[in-house]
Amino acid sequence: MADEHQDQIYLQPIPVRIWHWLNAFGIITLTVTSAQIRFPEYITWFGSYKSAIYLHNTAGFVVAISFSLWFFYYTFVVRTMANLYVPKVEDLKSGILRQVKFYFLTYFLGWENPHHPTPDSKFNPMQKSVYLAIMFVMMPLVSLSGILLTNVDPLRGLIVMIGGLKLLAGLHILLACCLIAFIPTHVYLATLGRTPTDHIKTMWTGWEDEEEHGEGHE
Amino acid sequence: MKRNCKLNSLWFTLLIVVLFAPLSVGAMEMDDCLGCHSDVDEVGDDLFIDGDKFLTTEHADMGCVTCHESVTDEHPDDGEAVFNADCLDCHEELGGQYMATEHSENATCSDCHNPHQVHGIEAVSGPDMNQQCGQCHEATDVMDSHAEWLPQASLHIAKLPCITCHTSAENYEIVLNITQKQKKSEGLKGYRFSSYADLKEYSGEKEIHRIIDIDGDNHISLAELRTFNRNPAYSDLHLSGTMVPSKVSHDLTTLDNRFDCTFCHASGPGSMQTSFLALPIEGGSYQRMTVDEGAMLDTLYGTPNFYMTGSTRSATLNIIGLIIICCGFIMPIGHGTLRFLTRKNRQH
């Protein structure tokens, strides 16, 4: 085992990988089912409208539970949530700019990624900022709005307090669109490793090559 | 000559009596009937008629003896049985439809419709329509049987009259009712239908429809609806939409298309093009007011708490969402192209 991973670091522990792929599968399911729910007269991929709704709701709960487990794991088990996800002052001052410069300029010149991932610092400053917005703002809001939308009758008072069903549904849809927009960017940036499949393999096996860290991924 | 004059006066008096006597007797009979029958202590529960409710019905306009023609001036001392008219005498078409259903073996007209309180569909709120069904169909049974296949069963049952699906009526319309937040001081939560008295508190000296119908033309424009929705003074009032058949049918067949969610949950279904605002009137029934014709979905967009998945989707939101999603491809396409063009720089 030690020889096998001699030049590698264990970057993604099992709970994180399970969460990631569960999330990925759930979000893709949510995306395609939402297309039928919103445009039922054009899209009938899942047969009846009812099937699309049931599948969407189920996937939604899976993602919400998976998010809760992720939150619990990083906050209470390994306690690295703040360290991993909250940008430090240094990150905000120069880290983000440095990383943006790399992705949009020096990467094309063949320079090395200024950030080298370690288990304690998996994300570069740009990733931290993006994930902070996604994991601490968008995911909780889209999940909570989804939970409210699946329980309109019992939670109507709360929905009205928020601003009404229409506002809530609009918020849910726009947040979902933002998360959907992140998917192609996320998948693309995952191919910026030493080889296009390097980072994807890391998220499957947990191990990342220590040498030639290559470029980070978003 | 004097004798002739006296005779003429007598004939004239008789003529007056003959011509107007039935009307005066009829009018008196209504008061006489209610004099006793609106007093529950005097006639008992079975024969009690709530005068306030009865007088707002169309049946009241016809007078008591139209249906109870055997009642004499000596009633009830004459001991004669009171004749009740058959509902089908007037409601032949609806009655015929109903008699062909299995329901007719279990319930007569009056089991569902109290003839002394009944109103046309336009004067009844959605939840009130379900009361008749609820007399036989237990709420828990209804919920359980629907929950087996219907997503958000409780929401559908709460928001729709049973007859929206369980009737062969083809066309539908949306009725908007004003609801209001219940008082916490009374230990109540959620919203309930506003009564005439409730809305009078908001309208003050004006008629209650002026809360929404600002220009008083007995028609609600979209601008008026939006003004109402945004008025902070009415923050406790909300509009609640109910889908009801536009024409009542008593053929209680459930058409196949009612099991197809896209009957309602599709953009701009034909069943949702017409809308009305139902305003409570004194006596507990409702009066409908038209909302801008052919603009149902716009109306729903102007109603903050009305959203139907698939049906009331906003075209603007669709475009914004599409733009956001497309932005997600800028990075792969733009960066990917430059990556491909500069690939030689990274071959080390």
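Residues numbered from 1 in each chain as written. Chains lettered and ligands numbered in written order. Predicted model: local features only at pLDDT ≥ 70, side-chain atom pairs only at ≥ 80, totals over all residues.

1. Describing the overall build of chain A
Going by this rule: Elements are defined by DSSP. Helices are runs of H or I of four residues or more, strands are runs of E of two residues or more, and each kind is numbered from the N terminus. Exposure criterion: with C-beta atoms placed from backbone coordinates, a residue whose C-beta has 20 or more other C-beta atoms within 10 Å is buried, one with 12 or fewer is exposed, and one in between is partly exposed. Placing C-beta atoms from the backbone, we regard two residues as in contact once those atoms come within 7 Å.
The helix and strand tally for chain A stands at eight helices and two strands. Start at the N end of chain A and walk to the C end: the helices and strands fall as β-α-α-α-α-α-α-α-α-β. Looking at chain A as a whole, 32% of its 218 residues qualify as buried. Considering only residue pairs separated by 6 or more positions, chain A has 68% of its internal contacts joining residues 24 or more positions apart.

2. Here we look at the overall build of chain B
Helix and strand counts for chain B come out as 16 helices and six strands. Intrachain contacts of chain B at a sequence separation of at least 6 include 63% that bridge at least 24 residues.

3. Description of the interface of chain B and chain A
Rules: Note on residue classes: Ala, Val, Leu, Ile, Met, Phe, Trp, Tyr, Cys and Pro are nonpolar, Asp, Glu, Lys and Arg are charged, and everything else, Gly too, is polar.
On the chain A side, the residues contacting the 37 residues of chain B number 35 residues. Looking at the side of chain B that touches chain A, the elements with two or more residues in it are helix H11 (153-159), helix H15 (315-327) and helix H16 (330-341) of chain B. Across the side of chain B that touches chain A, the residue classes tally to 17 nonpolar, 17 polar and three charged.

4. Overview of H16 of chain B
Along an α-helix, residues three or four apart share an orientation, since each turn contains 3.6 residues. Stated formally: Multiplying 1.5 Å by the residue count of a helix minus one yields the expected span of that helix.
Between its terminal C-alpha atoms H16 of chain B stretches 16 Å, which fits the 16 Å expected from twelve residues at 1.5 Å a residue. Counting buried residues in H16 of chain B gives zero out of twelve residues, a small share hidden from the surface.

5. What about the confidence of the model for chain A?
Worth spelling out the cut-off: Each residue carries a pLDDT score, the predictor's own confidence in it, on a scale running from 0 to 100.
Across chain A, the average pLDDT comes to 87, with 94% of residues at 70 or higher. pLDDT under 50 marks residues 213-218 of chain A. Its contacts with residues more than four places away, or in other chains, come to 26 contacts.

6. Considering the nonpolar core
Here is the rule: Think of a nonpolar core as buried Ala, Val, Leu, Ile, Met, Phe, Trp, Tyr and Cys residues, each tied to the set through C-beta atoms within 7 Å.
With 53 residues, the main nonpolar core has Leu 179 of chain A together with Leu 176, Leu 277 and Ala 278 of chain B as its most contacted residues. At eleven residues, helix H7 (residues 165-189) of chain A tops the list of elements feeding residues into this core.

7. Overview of the packing of helix H4 (residues 89-109) of chain A against helix H5 (residues 125-149) of chain A
Residues and elements named next belong to chain A. Let me state the cut-off plainly: The angle between two axes is taken between their N-to-C directions and runs from 0 to 180 degrees, where each axis is a line fitted to C-alpha atoms and a helix contributes only its stretch in contact. Each angle receives one of four descriptions, namely roughly parallel if under 35 degrees, roughly antiparallel if over 145, roughly perpendicular if within 65 to 115, and oblique otherwise.
Between H4 and H5, the least distance of the axes is 7 Å, while the angle of their chain directions is 105 degrees. With respect to H5, the axis of H4 lies roughly perpendicular. Between H4 and H5, the residues in contact are Asp 91, Gly 95, Ile 96, Gln 99 and Val 100 and Pro 125, Met 126, Lys 128 and Ser 129, respectively. Taken together, the residues of the contact of H4 with H5 sort by class into four nonpolar, three polar and two charged.

8. Some thoughts on unusual backbone geometry
Residues and elements named next belong to chain B. Omega for the peptide link from His 75 to Pro 76 comes to 5 degrees, which places this bond in the cis form. Position of Pro 76 relative to the elements: it lies in the loop between helix H5 (64-67) and helix H6 (87-90). Of note in this structure, Gln 152 is not a glycine but carries a positive phi near 50 degrees. Structurally, Gln 152 is set in the loop between helix H10 (139-147) and H11. Phi at Asn 218 is positive, roughly 60 degrees, even though this residue is not glycine. Assessed through the 11 C-beta atoms surrounding it within 10 Å, Asn 218 is described here as exposed.

9. A short note on the environment of Leu 171 of chain A
Residue position: Leu 171 of chain A is located in helix H7. A sequence separation of 30 residues divides Leu 171 of chain A from Leu 141 of chain A, and the C-alpha atoms of the two residues are 8.5 Å apart.

10. A short note on the pairing of strand S5 (residues 275-280) of chain B
Residue and element names in this part refer to chain B. Here is the rule we go by: The pairing criterion for strands is at least two bridges between them, as found by DSSP.
Across the six residues of S5, six count as buried, placing the element largely inside the fold. Residues Ser 275, Leu 277 and Leu 279 point to one face of S5 and Phe 276, Ala 278 and Pro 280 to the other, with burial holding for every one of them. In this sheet, strand S6 (residues 286-291) lies alongside S5 in antiparallel orientation, the contact comprising five bridges. The residue of S6 that forms the bridge with Leu 279 is Gln 287. Taking the residues that link successive antiparallel strands as the turn, the S5-S6 hairpin has five residues, and the phi of Gly 283 there is positive, at about 105 degrees.

11. Thoughts on the pairing of S6 of chain B
Where strand S3 (residues 219-220) of chain B meets S6 of chain B, two bridges bridge the pair, whose relative direction is parallel. Along S6 of chain B, the bridge assignment pairs His 219 of chain B with Thr 290 of chain B.

12. Considerations on the packing of H7 of chain A against H15 of chain B
Applicable threshold: By convention the crossing between two helices is left-handed if the near helix lies anticlockwise of the far one by an angle smaller than a right angle, and right-handed if it lies clockwise.
The geometry of H7 of chain A relative to H15 of chain B is characterised by a closest axis approach of 7 Å and an angle of 20 degrees between their N-to-C directions. Judged by the angle between their axes, H7 of chain A and H15 of chain B are roughly parallel. As for how H7 of chain A packs across H15 of chain B, the hand of that crossing is right-handed. On H15 of chain B, the residues touching Gly 170, Ile 173, Leu 174, Cys 177, Cys 178, Ile 180 and Ala 181 of chain A of H7 of chain A are Leu 317, Ile 320, Gly 321, Ile 324, Ile 325 and Cys 327 of chain B.

13. Here we look at the confidence of the model for chain B
When pLDDT drops low, the exact placement of atoms in the prediction is not to be read closely. All names here are of chain B. In this model, chain B carries a mean pLDDT of 81, and residues with pLDDT of at least 70 account for 83%. Helix H14 (residues 296-301) is the least confidently modelled element of chain B, averaging 58 in pLDDT, while H16 averages 94, the highest of any element. Segment residues 20-28 is flagged for pLDDT under 50; beyond a separation of four residues in sequence, or across chains, it makes two contacts in the model.

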